[in-house]
Amino acid sequence: MKIAVIGAGPAGLCALKTCLDENFNCDVFEKSGVIGGVWNYNEKIGIDEFGIPIHNSVYEELRTNLPKELMQFENFPFKGPLSFVYPPDVINYVNKYADAFNLLPHIQFHKNVEEIRPLPNNRWKIIIRDLKPMKQELIICEYDAVVICVGNFNKPFIPSFKGLDKFKGSIRHSITYRKADLYKNGKVLLVGSGPSGSDITRQLSKVAEKVILSHRSPLENNITFSENVKTKPEIAEFRENTVLFIDGTEEDITDVLLCTGYLFDYPFLTNECGIEVEDNYVKYLYKQIINAKHPTMAILGVPHTTFLFIMFGIQIRFFIAYLKGQFTASKETMIDDAILFQKRQKEKGVSLSRVNHEYYDDLSETAKIPNLPSVCQKLFDHVEDIGILKFQENYKILNDQEFIIV
Ligand SMILES: Cc1cc2nc3c(=O)[nH]c(=O)nc-3n(C[C@H](O)[C@H](O)[C@H](O)COP(=O)(O)OP(=O)(O)OC[C@H]3O[C@@H](n4cnc5c(N)ncnc54)[C@H](O)[C@@H]3O)c2cc1C
């Protein structure tokens, strides 16, 4: 079987290694010139030298919000004294992984996947643009299966706000944020209190005159900011040099930084692929992985409030088990299951992006594949309980069930 993997970020590398272990013939197409996806720091923003949008959104001073013990591939420990590490450490780790399993010869760089469409007999036609200078030619190929590993941080979500067009200062999305210096002495409004929003607020507060953090969801556990940070409720409207909040207060501002998240985006999938994104939810993916309408396609990393690196391992093993016929499910079963997942998450009031050990138990039982060690969820829950961006603890995983703080 010939498998195409789209993207050589952490998910694509994990997919490649696992497919090679199964003796599948596997090619990875990566639009940039490097492996590691978003973990590569890139000063540039906007469009790269090959005319392709840059989606490396890690910034200077970023530390991981998960310990590296939850950012390691199966059976390949992420070594080092600190648990909360920096992007170059993650890049170093993925490079070691690629070297250890001789992955690079299977990766084609500067290859932008522009179109994927289904063919008869469950196969796929893929159109790829060779981005190298002087080339820019289209390559057309066919594969038996395709694994999409393009990440979730490509298309910024920009909410609409009353009066934003009248605001005279700068307006940017966090996808373009690299260094706090840009906001030196500014009066910055930061919108959104997710992990990036909270972290960037802290960084800006060191250089800006004031930072106003407008948030809808409750702030992360125990998070503390310096005195020049004010937290505010939702925005009512923008004026030329000020912002008005729903509690009736108004603040002078010079800059707006939107940490409002991202939208799922698969611009290269033709309508015939049957993948739809509705209310920022990817329909209809069986177990959040397999395209129910064309089950020789999988997307990795759709649930992303979890320990992604470890999840990629079980997701790709699940897909491979399906391809090898280790379990079957009709199209109707897959679609019903996907709808049920959506309904259950809504009933529980849980975001569709969040999964936990119940999800991994389900994958393991359905496909009869080894489950993830329970220590992963235990450590994840511990880190969530103490609150993100604390960075003061280091962990050691003792065995499949236990970790300690070291
Ligand atoms: C600011 C920030 C902080 C984060 N912090 C953490 C953290 O602390 N811990 C954690 O576990 N996760 C964190 N994440 C999540 C992070 O996305 C994952 O860790 C991980 O990078 C996901 O891997 P991926 O391979 O799915 O996607 P990506 O890393 O996004 O890689 C996708 C790859 O696909 C390529 N690609 C995209 N489109 C195409 C195309 N059409 N053709 C060919 N190639 C294509 C891209 O060039 C890229 O190399 C963070 C994300 C951001 C943005």
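Residues numbered from 1 in each chain as written. Predicted model: local features only at pLDDT ≥ 70, side-chain atom pairs only at ≥ 80, totals over all residues.

Attention now goes to the overall build of the protein chain. Scanning the protein chain from N- to C-terminus turns up 7 helices and 24 strands. Since a compact globule built from 406 residues should have a radius of gyration of about 22 Å, the 22 Å found for the protein chain is in line with a globular shape. Considering the protein chain as a whole, with its 406 residues, one finds that 40% of them fall into the buried category. Intrachain contacts of the protein chain at a sequence separation of at least 6 include 60% that bridge at least 24 residues. (Helix = DSSP H or I, 4+ residues; strand = E, 2+ residues; numbered from the N terminus. Rg over C-alpha atoms; globule rule 2.2 N^0.38 Å. Buried ≥ 20, exposed ≤ 12 C-beta atoms within 10 Å, placed from the backbone. Contact = placed C-beta atoms within 7 Å.)

We note that the domain assignment places domain 1 (2-155 + 262-390) and domain 2 (158-258) within the protein chain. The straight-line distance from the C-alpha centre of domain 1 to that of domain 2 is 31 Å. Facing 11 residues of domain 1, the contacting portion of domain 2 comprises 14 residues. Of the residues in the side of domain 1 that touches domain 2, the class split is 4 nonpolar, 4 polar and 3 charged. (Domains from an automatic or database assignment. Nonpolar A, V, L, I, M, F, W, Y, C, P; charged D, E, K, R; others polar.)

Taken together, 31 residues form the shell around the ligand, and within it Gly7, Gly9, Gly37, Thr64 and Gly151 come nearest. Counting residues per element, the ones that place at least two in the shell around the ligand are α1 (10-21), β4 (111-118) and α4 (308-323). Of all the elements, α1 adds the most residues to the shell around the ligand, at 3 residues. By residue class, the composition of the shell around the ligand is 17 nonpolar, 12 polar and 2 charged. (Near = placed C-beta within 6 Å.)

Looking now at unusual backbone geometry. Tyr284 follows Lys283 through a cis peptide bond whose omega is -25 degrees. Structurally, Tyr284 is set in the loop between β19 (281-283) and β20 (285-286). Despite not being glycine, Asn122 has its phi angle at roughly 60 degrees, a positive value. Relative to the assigned elements, Asn122 resides in the loop between β4 and β5 (124-130). Residues other than glycine seldom take positive phi values, yet Asp279 does so here, at roughly 50 degrees.

Further remarks concern the nonpolar core. Residues Val5, Ala15, Val146, Val147 and Phe319 are the most contacted members of the largest nonpolar core, which totals 83 residues. With 12 residues, the single largest contributor to this core is α4. Each residue touching Ala15, except ones within four places of it in the same chain, is listed here: Val5, Val147, Cys149, Leu300, Phe312 and Ile316. (Core = buried A, V, L, I, M, F, W, Y, C linked by C-beta atoms within 7 Å.)

Next up on the list: the UniProt feature "transmembrane region" (unreviewed entry) in the protein chain. If you check UniProt for "transmembrane region" (unreviewed entry), the listed places come out as residues 297-320 in our numbering. Taken end to end, residues 297-320 is 54% helix and 12% strand, and its first and last C-alpha atoms sit 11 Å apart. (UniProt positions renumbered as here; feature names shortened; annotations may be inferred.)

Attention now moves to the packing of α4 against helix α6 (residues 357-367). Two numbers describe how α4 lies on α6: the axes approach to 10 Å, and their chain directions differ by 25 degrees. In terms of axis orientation, α4 runs roughly parallel to α6. Crossing geometry of α4 relative to α6 is assigned as left-handed. Together, Ile314, Phe318, Ala321 and Tyr322 of α4 and Tyr360, Leu363 and Ala367 of α6 make up the contact between the two elements. Along the lines of polarity and charge, the residues of the contact of α4 with α6 split into 7 nonpolar, no polar and no charged. (Axes fitted to C-alpha atoms, helices over the stretch in contact; angles between N-to-C directions. Parallel < 35°, antiparallel > 145°, perpendicular 65-115°, else oblique. Left-handed = near helix turned anticlockwise from the far one by under 90°.)

What follows deals with the sheet that holds β4. In spatial order, the strands read β4-β5-β6; together these 3 strands make up an open sheet with antiparallel pairing. Each of the sheet's edge strands pairs with one partner strand only, and the pair in question is β4 and β6 (138-143). Here the average twist between neighbouring strands, direction ignored, is 25 degrees. By the bridge criterion, 7 bridges tie β4 to β5 in an arrangement that is antiparallel. Bridged to Glu115 within β5 is Ile127. (Pairing = 2+ DSSP bridges.)

Strand order in the open sheet formed by 3 strands is β13-β14-β15, and the pairing between neighbours is antiparallel. The sheet is open, and its two borders are formed by β13 (235-238) and β15 (250-252), each paired with just one other strand. Averaged over all pairs of adjacent strands, the angle between their axes in this sheet comes to 25 degrees, without regard to strand direction. As paired elements, β13 and strand β14 (residues 242-245) share 3 bridges and run antiparallel to each other. Bridging across to β14, Ile235 finds its partner in Phe245.

Contact pair α1 / α4: the axes reach a minimum separation of 9 Å and the direction vectors enclose 45 degrees. Overall, the two elements α1 and α4 adopt an arrangement that is oblique. The interaxial crossing formed by α1 with α4 has right-handed handedness. Two secondary-structure elements touch here, α1 through Pro10, Ala11, Cys14, Ala15, Thr18 and Cys19 and α4 through Phe309, Phe312, Gly313, Ile316, Arg317 and Ile320.

The hairpin turn running from β13 into β14, its antiparallel successor, is 3 residues long. Two strands pair when backbone bridges link them, and β14 and β15 are joined in this way by 3 bridges, in the antiparallel orientation. From the neighbouring strand, Leu244 faces β15, where its bridge partner is Glu250. Linking two consecutive strands that pair antiparallel, namely β14 and β15, is a turn of 4 residues; a positive phi of about 90 degrees is found at Gly248 within it.

When the terminal C-alpha atoms of helix α2 (residues 87-100) are compared, their 20 Å separation across 14 residues agrees well with the 20 Å that a helix rising 1.5 Å per residue should span. All of the buried residues along α2 are Pro87, Val90, Tyr93, Val94 and Tyr97. In an axial view of α2, the angular spread of the buried residues amounts to 120 degrees, which keeps them on one side of the axis. Among the exposed residues of α2, those oriented more than 90 degrees off its buried face are Asp99 and Ala100. Tucked into the core, α2 has its buried residues touching α1. (Expected span 1.5 Å × (residues − 1). Arc of directions from axis to C-beta.)

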